[in-house]
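Reading the structure
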Amino acid sequence: MLNKKVEEILNRQIEREGYSSHLYLAMAVWAECNGLEGTSKWLYAQADEERMHMLKFIEYVNERGGRALITAIEEPPSEYKNVKEVFNKVLTHEQFVTASINEIVEVTLAEKDFTTHNWIQYFVTEQIEEEASVQSIIDKLNLMGEHNLYMFDRDIMGMRSAGDSGE
Ligand code: MG
């Protein structure tokens, strides 16, 4: 049976992964409507991955005798100045998610829930990849510059999103 505090913070994460998926979908739509086909493809894949994360949390909470809560999701921003703003916001958001995962680790230790502590390590590792993957895109964008957006977009089209690599 899941400890209440652990269950609560895992439910908070379900909402956050859901919001991540929603946010990346909104960004994908913006990119698609601005002719950035490769960028939108990457963001759609990223949105799918966040939904998979949400489902993993739901499955785990229910499996451990808790109850996953499906709540309303806040509306994400739909307008962006440019592609650089989009990826800077992706990075900031992933840093927020990393901090959120770390808070779960803290709660599992405080509550001596070593099973969840072990389970959450997958996400600790996942966040390293997420941040590195977005950072590499920002680096690329800085190298190519805004004047070479077509090249950037073609290049990112061939890139796999961080989570395509398996589950
Ligand atoms: Mg995630």
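What comes next is a walk through the structure. Fair warning: this is a prediction, and the values are worked out from it, not measured in the lab. By convention here, each chain's residues receive numbers from 1 onward along its written sequence. Under the rules for a predicted model, residues below a pLDDT of 70 receive no local features and side-chain atom pairs below 80 are neither given nor counted, while totals for whole chains, interfaces and linings still include all residues. With hydrogens and water excluded, all non-hydrogen atoms of the structure serve as input to the side-chain values.

Overview of the coordination of the magnesium ion
In this description, a donor is an N, O or S atom within 2.8 Å of the metal centre, a cutoff extended to 3.2 Å for sodium, potassium and calcium. Water is not part of the atom list, which can make sites seem incomplete. For the magnesium ion, every protein donor is listed as Glu17 (OE), Glu50 (OE) and His53 (ND1), and the spread of their distances is 2.1 to 2.3 Å. Going along the chain, you hit the donors of the magnesium ion in the pattern E-x32-E-x2-H. Separated by 36 residues along the polypeptide, Glu17 in helix 1 (residues 4-33) and His53 in helix 2 (residues 37-63) bring together distant segments of the chain. His53 matches Glu17 in its accessibility class, with the two residues each being buried. Helix and strand definitions follow DSSP, with helices as H or I runs of at least four residues and strands as E runs of at least two, each counted in order from the N terminus. Residue burial is assigned from relative accessible area. The probe radius is 1.4 Å, only protein chains are included, and a residue is buried under 20% of its type maximum, exposed over 50%, and partly exposed in between.

Points about helix 5 (residues 149-157)
Each α-helix turn comprises 3.6 residues. Residues three or four places apart therefore point the same way. Every buried residue of helix 5 is listed here: Phe152, Asp153 and Ile156. Burial along helix 5 is one-sided: seen end-on, the buried residues are contained in an arc of 95 degrees. In this fold, the buried residues of helix 5 make contact with helix 2, helix 3 (83-110) and helix 4 (114-144). In this description, one arc is meant: the one made by directions from the helix axis to the C-beta atoms. Contacts were defined at the residue level, with two residues in contact if any of their heavy atoms lie within 4.5 Å.

Section: the environment of Gly38
Inspection of the secondary structure assignment puts Gly38 in helix 2. In this structure, the C-alpha to C-alpha distance between Gly38 and Asn142, residues 104 residues apart in sequence, is 17 Å. Setting aside its immediate chain neighbours within four residues, Gly38 contacts Asp153, Ile156 and Met157.

Re the pattern of salt bridges
Definition used for salt bridges: Asp or Glu carboxyl oxygen within 4 Å of a side-chain nitrogen of Lys or Arg. Scanning the entire structure with this criterion turns up seven salt bridges. Close ionic contact of Glu85 with Lys81 constitutes a salt bridge, the shortest N to O distance being 3.9 Å. Take Glu85: its relative accessible area is 17%, and that puts it in the buried class. The exposure class of Lys81 is exposed, given its relative accessible area of 69%. Residues Asp155 and Lys140 are paired through a salt bridge, measuring 2.6 Å at the closest nitrogen-oxygen approach. Of this pair, Asp155 sits in helix 5 while Lys140 sits in helix 4, placing them 15 residues apart in sequence. When its relative accessible area of 30% is taken as the criterion, Asp155 is described as partly exposed. Through salt bridges with shared partners, a single network forms among Lys81, Glu85 and Lys89.

A few points about the nonpolar core
The set of buried Ala, Val, Leu, Ile, Met, Phe, Trp, Tyr and Cys residues whose side-chain atoms join them within 4.5 Å is what this entry labels a nonpolar core. Ranked by internal contacts, the top residues of the largest apolar core, which has 24 residues, are Met27, Leu43, Phe87, Val90 and Phe152. Where this core is concerned, the elements lending two or more residues are helix 1, helix 2, helix 3, helix 4 and helix 5. Residue contacts for Phe87: discarding those within four places in its chain leaves Thr39, Trp42, Val134, Ile137, Ile138, Leu141, Phe152 and Ile156. Judged by nonpolar contacts, the second largest core, of 18 residues, contains Val6, Tyr60, Ala68 and Phe123.

As for the packing of helix 3 against helix 4
Axis angle and axis distance: for two packed helices, these are the angle between their axes and the distance between the axes, and together they describe the pair. Close contact between helix 3 and helix 4 brings their axes to 9 Å; oriented N to C, the two are set at 165 degrees. Taken together, helix 3 and helix 4 sit at an angle that is classed as roughly antiparallel. Seen from above, helix 3 lies across helix 4 with left-handed handedness. We call Asp, Glu, Lys and Arg charged. Ala, Val, Leu, Ile, Met, Phe, Trp, Tyr, Cys and Pro are nonpolar, and the rest, Gly among them, are polar. Residue composition of the contact of helix 3 with helix 4, by class: 17 nonpolar, nine polar and four charged. Think of each axis as a best-fit line through the C-alpha atoms, taken over the contacting stretch in the case of a helix, with angles from 0 to 180 degrees between the N-to-C directions. Any angle that is under 35 degrees is reported as roughly parallel, and any over 145 degrees as roughly antiparallel; angles of 65 to 115 degrees are reported as roughly perpendicular and all others as oblique. By convention the crossing between two helices is left-handed if the near helix lies anticlockwise of the far one by an angle smaller than a right angle, and right-handed if it lies clockwise.

None of the figures reported here should be taken as evidence of function without further support.
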